[in-house]
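# Architecture and fold: a report
What follows is the residue order along each chain.
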Amino acid sequence: MLRIAIQKSGRLHDDSIGLLKDAGIGFSNGYGRLRTESYNFPVEIFFLRDDDIPEYVSDGVADIGIVGENIVLEKSKTVDTVTRLGFGKCRLCIAVPKNAEYNGVHSLQNRRIATSYPHILGQYLAKNDITATLHDISGSVEIAPSIGLADAICDLVSSGSTLLMNGLREVETILKSEALLIAAPGLSAEKMAILQQLTFRFDALLLAKKHKYILMNVPNDQIAHISGLLPGMRSPTIMPLAEAGWSSLHTVVAENEFWPIIEQLKAAGAEGILVTSIEKMIL
Ligand code: PRT
Ligand code: ZN
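Residues numbered from 1 in each chain as written. Chains lettered and ligands numbered in written order. Predicted model: local features only at pLDDT ≥ 70, side-chain atom pairs only at ≥ 80, totals over all residues. Heavy atoms only, no water.

## A closer look at the sheet that holds strand 11 (residues 179-183)
Adjacent strands of a sheet pair through backbone hydrogen bonds, lying either parallel or antiparallel. Formally: Two strands make a pair as long as DSSP finds a minimum of two bridges between them. Only DSSP runs of H or I reaching four residues or more are called helices, and only runs of E reaching two or more are called strands; each is numbered from the N terminus. Axis angles are defined between N-to-C directions and span 0 to 180 degrees, where every axis is a line fitted to C-alpha atoms and, for a helix, only to the segment in contact. By definition in these notes, contact holds between two residues if any of their heavy atoms fall within 4.5 Å.
Read from one edge of the open sheet, six strands run 2-3-1-4-11-5, paired in mixed fashion. If you trace the sheet from one side to the other, it starts and ends with strand 2 (35-37) and strand 5 (80-84), each paired once. With strand direction ignored, the average angle separating the axes of adjacent strands in the sheet is 25 degrees. Bridging between strand 5 and strand 11 involves four bridges; their strand directions are antiparallel. Residue Thr81 lies in a different strand from strand 11, and its bridge partner there is Ile182. Contacts from helix 1 (residues 13-22) reach strand 1 (2-7), strand 3 (43-48) and strand 4 (64-68) within the one sheet, and its direction differs from that of strand 1 by about 145 degrees. Across the sheet, helix 6 (residues 189-209) is in contact with strand 1, strand 3, strand 4, strand 5 and strand 11; its angle to strand 5 comes to roughly 30 degrees.

## Observations concerning the state of the cysteines
Rules: In what follows, a disulfide is any cysteine sulfur pair within 2.5 Å. Residue burial is assigned from relative accessible area. The probe radius is 1.4 Å, only protein chains are included, and a residue is buried under 20% of its type maximum, exposed over 50%, and partly exposed in between.
Tallying each qualifying case throughout the model produces zero disulfides. Cysteine Cys90 remains unbridged, with the sulfur of Cys93 as its closest cysteine sulfur at 9.0 Å. Free cysteine: Cys154, not disulfide-bonded; nearest cysteine sulfur from Cys93 at 7.9 Å. Under the relative-accessibility criterion, Cys154 is labelled buried at 0%.

## Points about the coordination of the zinc ion (ligand 2)
Cut-off, in case you're wondering: Metal donors were taken as nitrogen, oxygen and sulfur atoms no farther than 2.8 Å from the ion, or 3.2 Å where the ion is Na, K or Ca. Water is excluded, so coordination may look unfinished.
Taken together, Asp50 (OD) and Asp51 (OD) make up the protein donors of the zinc ion (ligand 2), found 2.0 to 2.1 Å from the metal. Relative accessible area serves as the criterion here: at 24%, Asp51 is assigned to the partly exposed category.

Laid out in structure tokens, this is it:
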């Protein structure tokens, strides 16, 4: 049995539950439950505050966990990163009041900075030879400058609207973060085997998210040329259409590779191009 810690409620909760369910792990997550066992896969799920997850994993109370990289680095516990999960994306930034003078990180010298990330910020300032007074506060960091507590803040940003609403502007990015799958070092062989099964499924889901399945009708005399334009998995599948002289071409491309070649595909005579999502992908 592998014990996995995920966030009880909050920004990572739904995606963590979604990932497990998409990986075929069935469990009931009734409201208010703090732990639950899967009925079809050897895992037990603990629902915890995200801040506690690195410690639970490093102490071996949970074997693995899903938590933001920002929390893993801030807590600085001994855990292994197994996979980057691609959700919960945000950045840890330094922001100052929008009209404040700022000419680079040295502008923070001897300033007061409010943050919930004193460890990561302290390391960043030390690396840049900056001495500043850190105010460690656990929430609503963005109001610290307007109430006179600090000259700058260091906090997570995703859309940037909270900064904007509080009259702040982003001046430095310290960390780009996303949810990580972490594991306790030194798992038993039995637990490692379950973890490998789990990461195999996660990898299939993550890879699928980054790719698209594309289908198009192509004139037969253009098949070789169009196939050459496509960066696909192996080689495209070609099937004859009912109409003579035409074929249907199917392939898989990385999402970011599709738009740059669309004009070339059309110029080569491709028609009826369909792009669909892939649910799971195993190479
Ligand atoms: O109760 P618990 O302690 O478990 O949850 P929490 O309230 O501490 O954390 P939660 O649920 O807010 O965030 C969980 C994780 O989501 C974080 O540790 C990050 O890894 C990730 N994440 C992604 C974010 C954001 N985006 C984010 N935007 N965490 C927080 N924010 C906050 C930020 O602190 C700021 O107040 O959102 C505000 C800014 O958002 P924008 O969109 O206005 O820029
Ligand atoms: Zn938290």
